[in-house]
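# Residue-level structure breakdown
Next come the chains, spelled out residue by residue.
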Amino acid sequence: HFWLNEGWTIFLQRKIMTRVHGDDNFFDFDAIGGWEDLKESVGLMPDKYTKLIPELGDDDPDDAFSSVPYEKGFNLLYALERIVGADKFAGFMKA
């Protein structure tokens, strides 16, 4: 699924950029920006396009494009990392 691929992309991008910047706060600040983008997209788009697997029917897939799959996917992975712990989740990412 698109959301799963893009969620990982955003999650890993934020981890990498945190190391590049040498600032642990970078991850959280970038995630806050992503959360704001997600809220805006959810507020502007029809409900059928705000699901992780949107109901496209005969609609043009471009009509459903937004930050939703990126940021919802990221937030799922971030929540899992918080539940199991960063070290265990890092091991899972390497597997």
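Scroll up for the structure.
Residues numbered from 1 in each chain as written. Predicted model: local features only at pLDDT ≥ 70, side-chain atom pairs only at ≥ 80, totals over all residues. Heavy atoms only, no water.

### Quick word on the side chain of Thr18
Heads up, the condition is: Secondary structure elements follow DSSP: runs of H or I of four or more residues count as helices, runs of E of two or more count as strands, with numbering from the N terminus. A 1.4 Å probe rolled over the protein chains alone gives each residue an accessible area, and that area as a share of the maximum for its type sets the label: buried under 20%, exposed over 50%, partly exposed in between. Contacts were defined at the residue level, with two residues in contact if any of their heavy atoms lie within 4.5 Å.
The topology assignment puts Thr18 in helix α1 (residues 2-21). Classification of Thr18 as buried rests on a relative accessible area of 10%. Contact partners of Thr18, with chain neighbours within four places excluded, come to Asp23, Asp24, Phe26 and Phe27.

### Looking at α1
Each turn of an α-helix holds 3.6 residues, which means side chains three or four residues apart point in the same direction. Formally: To estimate the expected span of a helix, subtract one from its residue number and multiply by 1.5 Å. Throughout, the arc means the angular range of directions from the helix axis out to the C-beta atoms.
Relative to the 28 Å expected for 20 residues at 1.5 Å per residue, α1 spans 28 Å between its end C-alpha atoms, a close match to the ideal helical length. Taken residue by residue, α1 has Trp3, Glu6, Gly7, Ile10, Phe11, Arg14 and Thr18 as its buried positions. Considered in projection along α1, the buried side chains sweep an arc of 140 degrees and stay on one side of the axis. Facing away from the buried side of α1, by more than 90 degrees, are the exposed residues Ile16, Arg19 and Val20. Those residues of α1 that are buried are in contact with α2 (25-44), α3 (68-84) and α4 (86-94). Of the residues trailing α1, Gly22 is marked for its positive phi of about 65 degrees.

### Some remarks on the environment of Thr9
Relative to the helices and strands, Thr9 is located in helix α1. The spatial distance from the C-alpha of Thr9 to the C-alpha of Gly73 is 9.1 Å, given a sequence separation of 64 residues.

### So, the packing of α2 against α3
Quick reminder of the rule: To define axes, lines are fitted to C-alpha atoms, for helices over the stretch in contact only, and angles between the resulting N-to-C directions are given on a 0 to 180 degree scale. Each angle receives one of four descriptions, namely roughly parallel if under 35 degrees, roughly antiparallel if over 145, roughly perpendicular if within 65 to 115, and oblique otherwise. Each helix crossing is assigned a hand: it is left-handed if the near helix lies turned anticlockwise from the far helix by less than a right angle, otherwise right-handed if that turn is clockwise. The nonpolar class holds Ala, Val, Leu, Ile, Met, Phe, Trp, Tyr, Cys and Pro. Asp, Glu, Lys and Arg form the charged class, and all remaining residues, Gly among them, are polar.
Running from N to C, α2 and α3 point in directions that differ by 130 degrees, and their axes come no closer than 9 Å. Between α2 and α3, the angle is such that the two are oblique. The two elements α2 and α3 cross, and the hand of that crossing is left-handed. Here Phe27, Asp28, Ala31, Gly34, Trp35, Leu38, Ser41 and Val42 of α2 come into contact with α3, specifically with Val68, Glu71, Lys72, Phe74, Asn75 and Tyr78. A per-class count over the contact of α2 with α3 returns eight nonpolar, three polar and three charged.

### Structural notes on the packing of α1 against α3
At their nearest, the axes of α1 and α3 sit 7 Å apart, and the two run at 65 degrees to each other. The angle between the axes of α1 and α3 places the two elements in the roughly perpendicular class. Read as a crossing pair, α1 and α3 show a hand that is right-handed. Here Phe2, Trp3, Glu6, Gly7, Trp8, Ile10, Phe11, Arg14 and Lys15 of α1 come into contact with α3, specifically with Pro69, Tyr70, Glu71, Gly73, Phe74, Leu76, Leu77, Tyr78 and Glu81. Its residues placed into classes, the contact of α1 with α3 shows eleven nonpolar, two polar and five charged.

### A few points about the nonpolar core
The test is simple: Joining through side-chain atoms within 4.5 Å is the link that ties buried Ala, Val, Leu, Ile, Met, Phe, Trp, Tyr and Cys residues into a set, and such a set is a nonpolar core.
Of all hydrophobic cores here, the largest spans eight residues; its members are Ile10, Phe11, Phe27, Ala31, Tyr70, Phe74, Leu77 and Phe89. Only α1, α2 and α3 provide two or more residues apiece to this core. By residue number, the principal contributor to this core is α3, which donates three residues.

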